[in-house]
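Architecture at a glance
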Amino acid sequence: MATTTKTAVFLVLLSTFLSASLAFKPDGCNIPSRFWCENKDVALRCGVLDQCKQFEWTDAADKVELALYYESLCPDCQGFITGTLFPNFAKLSSIMNLTLVPYGNAYERRDHDKWIFDCQHGEQECIGNLIETCTIALVGDVNKYFPFINCMEASELKPADAAEKCASKFPVPLENIMNCSKSDYGNELEHKMALKTNALQPPHRYVPWVTINGIHTEAIEKEAESDLVKLICDTYKVSINRV
């Protein structure tokens, strides 16, 4: 919603709120109503802090940046994605940006002009990582590729078979994705996932590994697994309160 439209909606709602309150004007609020959401101090003095947060400042707070570092055939990763992250994604997507990094505890080595990946759960996991990495790159929109990846993570089939089955349910360019996963381009994309994972500070010791706004602690990890909604909402409220 454009800022001007949001402001207009807010002023209408604010007018209704004031009318219902007998044109209540707190002491010290000697400012025209159009300036009441200028900053937190003014909003407090004019008694409209909650209204400003709800209708006027929703774009002012940065979304929470949640990154999940995982590997495609890790049972704990699959459980977190299908049991916690995906079921809550829709309700959190307005205040959260999600980044998926499929690599995990793999290792890479250079062999002439390509990267060779060794994955914790074997060759099939490397195939799954590559398929999901190519899906992220080619689809681009997390709202479109995450349902497909969640479907793959919930499947007991081999990754290529899971991809084919899930592509029948979710509109992704399967042929392009599979070609990518076997190409030099896909190989380089997976190398970039390796670089992201290996750059973590502190270095990851297990998967799934969750960061919030680039930060990982054991407390963050535990709350992400036990009450993700509370973690994201509490982090977002801190951002709102700093406006």
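Up top is the structure these notes are about.
Quick caveat, the model's predicted, so the values are computed rather than measured. (Residues numbered from 1 in each chain as written. Predicted model: local features only at pLDDT ≥ 70, side-chain atom pairs only at ≥ 80, totals over all residues. Heavy atoms only, no water.)

Turning our attention to the state of the cysteines. Applying the stated criterion across every chain, the model contains four disulfides. Disulfide pairing is shown between cysteine 119 and cysteine 126; the S-S distance is 2.0 Å. On the sign convention where negative is left-handed, the bridge of cysteine 119 and cysteine 126, at about 115 degrees about the S-S bond, is right-handed. Of the two residues examined, cysteine 119 and cysteine 126, each falls in the buried class. (Disulfide = S-S within 2.5 Å. Buried < 20%, exposed > 50% of the residue type's maximum accessible area, 1.4 Å probe, protein only.)

The subject of this paragraph is the pairing of strand E1 (residues 64-70). The element E1 is largely enclosed, with a buried count of six among its seven residues. The pairing of E1 with strand E2 (residues 96-102) spans seven bridges and is classified as parallel. Looking across to E2, one finds that alanine 67 is bridged to threonine 99. Read as a crossover between parallel neighbours, the route from E1 over helix H4 (residues 75-92) to E2 is right-handed. (Helix = DSSP H or I, 4+ residues; strand = E, 2+ residues; numbered from the N terminus. Pairing = 2+ DSSP bridges. Right-handed = clockwise from strand over helix to strand, strands pointing away.)

Bringing the nonpolar core into the picture now. Soluble globular proteins tend to pack their nonpolar side chains together in the buried interior. Grouped together as the largest cluster of nonpolar side chains are 56 residues, with contacts concentrated most on Leu66, Leu85, Leu98, Leu100, Phe146 and Ile232. In terms of residues, this core owes the most to one element, helix H6 (residues 142-154), which gives seven residues. The residues contacting phenylalanine 146, other than those within four sequence positions of it, are Ile81, Leu85, Phe86, Phe89, Leu98 and Leu100. Trp36, Val42, Leu49 and Cys52 belong to the second largest nonpolar core, which has ten residues in total. (Core = buried A, V, L, I, M, F, W, Y, C linked by side-chain atoms within 4.5 Å. Contact = heavy atoms within 4.5 Å.)

To continue, consider the sheet that holds E2. Strand pairing in a sheet takes place through backbone hydrogen bonds and is either antiparallel or parallel in direction. With mixed pairing, three strands are arranged side by side in an open sheet as E2-E1-E5. Pairing within the sheet leaves two strands with one partner each, and these edge strands are E2 and strand E5 (209-212). With strand direction ignored, the average angle separating the axes of adjacent strands in the sheet is 15 degrees. Seen against the sheet, H4 touches E1, E2 and E5 and runs at an angle of roughly 160 degrees to E1. On top of the sheet, helix H9 (residues 184-198) reaches E1 and E2; it is set at about 110 degrees to E2, its chief contact. (Axes fitted to C-alpha atoms, helices over the stretch in contact; angles between N-to-C directions.)

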